[in-house]
Amino acid sequence: MRDLFPKTIDKSQNGATWWRGAWECRNWNGYFQEREGGTGNWCFRIPWFSNDDKSCTVYVIAADGEITKRDEIPINDAGEILIRGKRYGREFWHH
């Protein structure tokens, strides 16, 4: 069910979920993730890549619940990003 009172959701808490338009969003260990229509893979949001394409920036959730960014997330030649010691392929991130 879509959240009727989104401001009452503590987005800073791991596992918190909320809706933003057609997108279901969540806090996964401090990282912002989303999926369209509430189905499919949870995906990290990459707003931009470094000039050399060896790293990128992803959205994270600050202690106050606001969305901010984390720079220098490694990305390899296969397009996999490295989050918390695990590689995630293209099916697990949006740009």
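Use the structure listed above.
The shown structure was predicted, so the numbers you read here are calculated from the model rather than taken from an experiment. (Residues numbered from 1 in each chain as written. Predicted model: local features only at pLDDT ≥ 70, side-chain atom pairs only at ≥ 80, totals over all residues. Heavy atoms only, no water.)

A.B. asks: Explain the environment of A63 to me, using residue names and the numbers behind them.
C.D. replies: With respect to the secondary-structure elements, A63 resides in the loop between β6 (55-61) and β7 (67-74). A residue is classified by how much of its surface remains accessible, and A63, at 77% relative accessible area, is exposed. Remark: the alpha-carbon pair of A63 and P74, spanning eleven residues in sequence, is separated by 23 Å. (Helix = DSSP H or I, 4+ residues; strand = E, 2+ residues; numbered from the N terminus. Buried < 20%, exposed > 50% of the residue type's maximum accessible area, 1.4 Å probe, protein only.)

A.B. asks: Help me get a handle on the packing of aromatic side chains, residues and values and all.
C.D. replies: The description of two aromatic rings rests on the distance between their centres and on the angle between their planes. Under the definition given, this model contains eight aromatic pairs. A ring pair is formed by W18 and F32, whose centres lie 6.2 Å apart and whose planes are at 45°; its orientation type is tilted. Of the two residues, W18 is situated in strand β1 (residues 17-20) and F32 in strand β3 (residues 31-36); the sequence distance between them amounts to 14 residues. F32 matches W18 in its accessibility class, with the two residues each being buried. For the ring pair Y31 and F44, a centre distance of 5.9 Å and an interplane angle of 85° mean the geometry is edge-to-face. On the criterion of sequence distance, the pair formed by Y31 in strand β3 and F44 in strand β4 (residues 43-45) is long-range, its members being 13 residues apart. Accessibility expressed as a relative area gives 1% for F44, which makes it buried. In this structure an aromatic cluster arises from ring pairing among W28, Y31, F44, Y88 and F92. (Phe/Tyr/Trp six-rings, centres within 6.5 Å; stacked < 30°, edge-to-face > 60°.)

A.B. asks: How would you explain unusual backbone geometry if you had to name every residue and give the values?
C.D. replies: Even without being a glycine, N29 presents a positive backbone phi close to 50°. Structurally, the position occupied by N29 is in the loop between β2 (23-28) and β3. Relative accessible area serves as the criterion here: at 31%, N29 is assigned to the partly exposed category. At D53, a residue that is not glycine, the phi angle is positive and equals roughly 60°.

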